[in-house]
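Descriptive analysis of the structure
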Amino acid sequence: MLARDFGLTETQRDIRDLAAGFVDAEIVPHAREWDRAERVDPAIVKRLGELGFLGLMVDERYGGVDADTLSYVLVTEELGRGDSAVRGIVSVSLGLVTKTIAGYGTEEQRQEWLPRLVSGEALGCFALTEPGTGSDAGSLRTRAVRDGSDWVLRGSKMFITNGTQAKVALTFARTSDSGVTAFLVPTDSPGFTATEIKGKLGLRGQATAELTFDDVRVPDAARLGEVDRGLGIALGALSRGRISVAAGAVGVAQAALDAATRYAGERDQFGKPIASFQLVQELLADAAVDVQASRLLTHHVARMADAGVKPKDYATDASAAKYHASETAVRVSNSCLQVFGGYGFIDEYPAGKYLRDARVLTLYEGTSQIQKLIIGRDLTGINAMS
């Protein structure tokens, strides 16, 4: 569609086309197998690094790729179209961890971690959510206590993407009654344990873990940013991260729409393709409009970021994009399954996987309800979360 190219530069189209070709050749053929095995082939991480997808927007001095936010969004959408589990690897390792180190890290921290992260030699995980703390991130209970020139961390984290594969955990721990601090914790540190979570509804190929910090000791040089100022770092990362989640949701919805449209043209009932039935066309038309609206919302926020708007100033727009795109992914995937009928209920066809993968997008990096409260706070000036 012309609308998908409108306003894109030649460079942006080239990056998107590179991602689309990679997805079609190296992800789509394996997505069902990875979903069944509950494990993405680890070799895909190295390929993501080789193609530069783990280094987008990171300074070339560290092996990164000179790119803008919209290019990152275009790549993320394509990865979401192929397999949301693979998209999650990139969104977390690059979007939440690598970019945060690039923005807040010391030169020593950047030299230590960025070249490894952008090449795919290492992955990062974002250790914020806890067993008893999800949306209320400010109430986290993992603690870091100063001991001479070191910090000692004790606590646990839950639902951590890349948790069993990461070499570094960007960890947020309470350092005072009112303050949270960020730390770069090597995952081979004594006392650090990652336990994979199996049996997930969706994103089965993605490594999701519970992390345990049992007196994990790190030097003060592993502290990222100022003491007691880590919550701002986390929330800023999430504002940026919601752009990539929105883009990934657009990708899932686009994949579901494409699959339903193809199937509607192939499946005959009552002597003609079901695409000729008015109610089937209604499902497809509603889905197409929803997908395009979500894409435009997401591109709008990406362009705000590229124009130099700070994350705190586009946070509401990012919430709107994430909310609309994630809910769209669920609606469109559900419509896709309806078009497939009974065949949508078995995993020989992709409809069920799209719906399962889409559902979690309304939960992580801020539930749909949290996004509504952020939007409502911006509209009314009243914080309903306190």
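Position labels on residues start from 1 in each chain and follow its written sequence. In keeping with the predicted nature of the model, local features appear solely for residues at pLDDT of at least 70, side-chain atom pairs appear and are counted solely at 80 or more, and the whole-chain, interface and lining totals rest on all residues. In computing side-chain values, all of the structure's heavy atoms are included and hydrogens and water are not.

This next bit is on the packing of helix H10 (residues 311–340) against helix H12 (residues 368–380). Comment: axis = line fitted to C-alpha atoms, over the contacting stretch for helices; angle = value between 0 and 180 degrees taken between N-to-C directions. Put simply, DSSP H or I for four residues or longer makes a helix, DSSP E for two residues or longer makes a strand, and each gets a number counted from the N terminus. Where H10 contacts H12, the axes come no closer than 9 Å and their chain directions differ by 145°. Handedness of the crossing formed by H10 with H12: left-handed. For the pair formed by H10 and H12, the contact residues are Thr316, Ser319, Ala320, Lys322, Tyr323, Ser326 and Glu327 on the first element and Ser368, Gln371, Lys372, Ile374, Ile375 and Asp378 on the second. When grouped by side-chain class, the residues that make up the contact of H10 with H12 number 4 nonpolar, 5 polar and 4 charged. Handedness of each helix crossing follows the sense of rotation of the near helix against the far helix: counterclockwise by less than a right angle gives left-handed, clockwise gives right-handed. By the convention used here, residues are in contact when the closest approach between their heavy atoms is within 4.5 Å. Basically, the charged four are Asp, Glu, Lys and Arg, the nonpolar ten are Ala, Val, Leu, Ile, Met, Phe, Trp, Tyr, Cys and Pro, and anything else, Gly included, counts as polar.

By convention a nonpolar core is built from buried Ala, Val, Leu, Ile, Met, Phe, Trp, Tyr and Cys residues, the set being connected through side-chain atoms within 4.5 Å. Burial classification: accessible surface area is computed with a 1.4 Å probe over protein chains only, and a residue below 20% of its type maximum counts as buried, one above 50% as exposed, and the rest as partly exposed. Counting 49 residues, the largest nonpolar core has Leu79, Phe126 and Phe172 as the members making the most contacts within it. Breaking this core down by element, the ones donating at least two residues are helix H2 (10–26), helix H4 (43–50), helix H5 (69–82), helix H6 (84–104), helix H7 (107–119), strand S4 (168–174), strand S5 (180–186) and helix H8 (230–266). Once residues within four sequence positions are removed from consideration, Phe126 is found in contact with Val92, Leu96, Val97, Ile160, Leu170, Phe172, Ala234, Ala237 and Leu238. Of all hydrophobic cores here, the second largest spans 45 residues; its members include Leu203, Tyr263, Val291 and Ala318.

Looking now at the pattern of salt bridges. Two side chains with opposite charge may pair up if their charged atoms get near one another. Basic side-chain nitrogens of Lys or Arg form a salt bridge, by our definition, when they fall within 4 Å of a carboxyl oxygen of Asp or Glu. Applying the stated criterion across every chain, the model contains 28 salt bridges. The shortest N-O distance in the salt bridge between Arg116 and Glu121 comes to 3.6 Å. The residue Arg154 makes a salt bridge to Asp215 at a minimum N-O spacing of 3.0 Å. Here Asp215 lies in strand S7 (residues 208–219) and Arg154 lies in strand S3 (residues 150–161), a separation of 61 residues in the sequence. Here the salt bridges share partners, and the residues they tie into one network are Arg32, Arg36, Asp347 and Glu348.

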